[in-house]
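# Residue-level structural notes
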Amino acid sequence: MPKKHSKIILDLEFNPVRVPEIREKMRSEIIEIGAVKLDDSLKEISSFDEYIKPSYNTVEDKISHLTGIANEQLEPCGDFDTVMHRFMDWIGGEPYSLYSWSLTDMNVMLDEIDYKFPEDECYDMFFVHWTDLQKIYQRQMGFYKSMGLTNALGSLNIYFDGTEHGALADARNTAEIMRYLSDSEKMDKFRNRTHVTYNTSSDSSGFSLGNITIKRK
C-alpha cells in the first residue's frame, strides 16, 4: 500500500525589521502562519493558523492596515520558535511537499530561521521540497509575466473566498488554484477561451524561481 503524501500549502504575513544590523541578514519577521494540508485527492484534511509575536519591532501601520493584525493581538502570542514547533508538529511525520504562491514566503522563513536558529537541525525540514505554485500556474496558463494571487484567481473566474492577506484564507485560495490546475477538463476549457478576466488586485508581482531544493547556508 503506497505511503500517504500530503501537500502543505502555506502563506505567511510578515513585518519589516528596521534595526539596521539585523536587517542586513533578516529583513522581515513572520507574524502569521496559515496553512492547509491536502490529501492525494486535494481535499483539505487539516488547517493551521497562528499569530507570532515579533522580537524586534512592533507591527507597522501599513502592515496592520493590509493584514488586519494589530499589535495587541500579538502581545499574548508565542514567539517564532514556539509557533514554528507547533507548526512542525501539525505537519507531522508523514511524507509531504510544501507549496506557496511565489517563493517570497520561503525566503522570509529561511532567512528568519538562519538568523535566529542557525544551528538547530530540526528546522532543516523547511530547506527541501518547496514548490512555487505561482510558477506552475504561469507555465500552464502560458502567461509571460507572474501574477498575484487575486488576479490569478480572477483569470480562472474564481472569486477570492475570505479576507485577502489573511494567511489561512490566502493558503486556502492558493489550494483552489492547485485544484483547478489538476483538473484536466477545466484546463482544456480554459485553453479554448478567447480572453482572460481579472480580479481587482493591484499587486501582480512575485518571485518565480520554480521548483527548487534548498541547502542550508
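Described in the following lines is the structure provided in the data block. (Residues numbered from 1 in each chain as written. Predicted model: local features only at pLDDT ≥ 70, side-chain atom pairs only at ≥ 80, totals over all residues. Heavy atoms only, no water.)

## Structural notes on unusual backbone geometry
- Its identity is not glycine, yet L42 carries a phi of approximately 65°, on the positive side.
- Tracing the chain through its elements places L42 in the loop between strand 2 (28–38) and strand 3 (44–51).
- Residue classification places L42 among the buried positions, given a relative accessible area of 10%.
- Residues other than glycine seldom take positive phi values, yet H165 does so here, at roughly 65°.
- Structurally, H165 can be placed in the loop between helix 7 (149–155) and helix 8 (167–181). (Helix = DSSP H or I, 4+ residues; strand = E, 2+ residues; numbered from the N terminus. Buried < 20%, exposed > 50% of the residue type's maximum accessible area, 1.4 Å probe, protein only.)

## A short note on the pairing of strand 3
- As paired elements, strand 2 and strand 3 share seven bridges and run antiparallel to each other. Bridging from a neighbouring strand, L38 pairs with E44 of strand 3.
- Taking the residues between adjacent antiparallel strands as the criterion, strand 2 and strand 3 are bridged by five residues, where L42 takes a positive phi near 65°. (Pairing = 2+ DSSP bridges.)

## What about the nonpolar core?
- Membership of the largest hydrophobic core comes to 28 residues, with the highest contact counts inside it found for I33, M84, F87, I113 and F126.
- Of all the secondary-structure elements, those providing two or more residues to this core are strand 1 (6–16), strand 2, helix 4 (80–91), strand 4 (96–100) and helix 5 (104–116).
- In terms of residue count, the dominant contributor to this core is helix 4 (seven residues).
- Ranked by size, the runner-up nonpolar core spans 26 residues in total, among them W101, L133, F143 and F160. (Core = buried A, V, L, I, M, F, W, Y, C linked by side-chain atoms within 4.5 Å.)

## Here's the deal with the pairing of strand 1
- Of all the eleven residues making up strand 1, ten are buried; the element is thus mostly covered by neighbouring parts of the structure.
- Alignment of strand 1 against strand 4, held across four bridges, turns out to be parallel. Each bridged residue has a counterpart across the sheet, and for I8 the counterpart in strand 4 is L98.
- Pairing of strand 1 with strand 2 involves ten bridges; the strand directions are antiparallel. Across the sheet, residue N15 finds its bridge partner in strand 2, namely E29.

Treat this as a map of the structure, not an account of what it does.
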